[in-house]
Structure formats: structure tokens, C-alpha cells
Amino acid sequence: MATTIVNHSSTTVVPTVRPAEHHSSGIRTYYVPSDSHPGTEYAVQHIRKPGMNRWQCSCPHFYFRCAAKRRHCKHIRVARLAASPAA
Ligand SMILES: [Zn+2]
């Protein structure tokens, strides 16, 4: 009996990350869509300056839960993947 192989991994939804068109020096901005609020995008910023390398996000989860603990929300993780596809 033949076995049908179903590749479920192909159905994984990868959010589309949209890099900002303008770049401030040392700051890169990515817009990551929210999956709990369709139509909403959060601005993820990667700040790289001498002595500083950090990420921040405009979502409430990051603001209330992650910032104080220097943790990354899922939008930052998605943006980091988009920023360095080889990683
Ligand atoms: Zn976020």
C-alpha cells in the first residue's frame, strides 16, 4: 500500500516583514504584521550605534513584558530572521 507523504511544513505561515524605506543612521526599521490583530503592523527597530546593539518593538507585549527584562518579542524574532536569512 502506497504511503502518502503530506508535507505540513509547507503550510507554515511566515509573516511578511517589510523593511522601512527610509533609514536613520544606526537604526533599521522593519514592519511586522500582528497575527492577533490583522491589519496591524508593529514597527521593530534595530538600533546599532557604538556601544549599543539592541532591538525594540512597538507592540504592547514588548512594551509591558519584554523591555524591562531585555527580552525579545516574536516580532523582533521574525525581523531578526528577515534581517539575516542565513542565520
Ligand atoms: Zn512585538
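Just above sits the structure.
Quantities reported herein were computed from a predicted structural model and do not represent experimental measurements.

About the criteria used
Residues numbered from 1 in each chain as written. Predicted model: local features only at pLDDT ≥ 70, side-chain atom pairs only at ≥ 80, totals over all residues. Helix = DSSP H or I, 4+ residues; strand = E, 2+ residues; numbered from the N terminus. Buried ≥ 20, exposed ≤ 12 C-beta atoms within 10 Å, placed from the backbone. Contact = placed C-beta atoms within 7 Å. Arc of directions from axis to C-beta. Core = buried A, V, L, I, M, F, W, Y, C linked by C-beta atoms within 7 Å. Pairing = 2+ DSSP bridges.

A. Geometry of the overall build of the protein. Along the backbone of the protein there are two helices and four strands. Counting helices and strands in the order they occur from the N terminus, the protein gives β-β-β-β-α-α. Counting over 87 residues, the protein shows a buried share of 15%. Considering only contacts within the protein whose residues lie at least 6 apart along the sequence, 22% involve residues at least 24 apart.

B. Structural context of helix α2 (residues 74–83). Of the positions making up α2, those classed as buried are H75, I76, V78 and A79. Down the axis of α2, the buried set is contained in an arc of 160 degrees. They therefore lie on one face. In this structure, the buried side of α2 is in contact with β2 (27–33), β3 (41–49) and β4 (52–57).

C. Expanded view of the nonpolar core. Grouped together as the largest cluster of nonpolar side chains are 12 residues: Y30, V32, Y42, V44, W55, C57, C59, F62, C73, I76, V78 and A79. Elements that contribute at least two residues to this core include exactly β2, β3, β4 and α2. Considering each element in turn, this core owes the most residues, three residues, to α2. When near neighbours in sequence (up to four residues on either side) are disregarded, A79 contacts V17, Y30, V32 and V44.

D. Summary view of the sheet that holds β2. Read across the sheet, four strands follow the order β1-β2-β3-β4 without closing on themselves; strand pairing throughout is antiparallel. Each of the sheet's edge strands pairs with one partner strand only, and the pair in question is β1 (18–19) and β4. Looking at chain direction, β2 and β3 are connected through seven bridges and run antiparallel. When the bridges of β3 are listed, Y31 appears paired with A43.

E. Highlighting the pairing of β4. As defined by bridge partners, β3 adjoins β4 across six bridges and the pair is classed as antiparallel. Residue H46 lies in a different strand from β4, and its bridge partner there is W55. In this antiparallel pair of consecutive strands, β3 and β4, the connection spans two residues, and G51 shows a positive phi of 80 degrees.

F. Here's a closer look at the environment of Y31. The topology assignment puts Y31 in strand β2. Along the sequence, Y31 and P19 sit 12 residues apart, while their C-alpha atoms lie 6.2 Å from each other.

G. Focus on the environment of Q45. Along the chain, the position of Q45 falls in strand β3. For Q45, a count of 17 C-beta atoms within 10 Å corresponds to the partly exposed category. In this structure, the C-alpha to C-alpha distance between Q45 and I76, residues 31 residues apart in sequence, is 8.1 Å.

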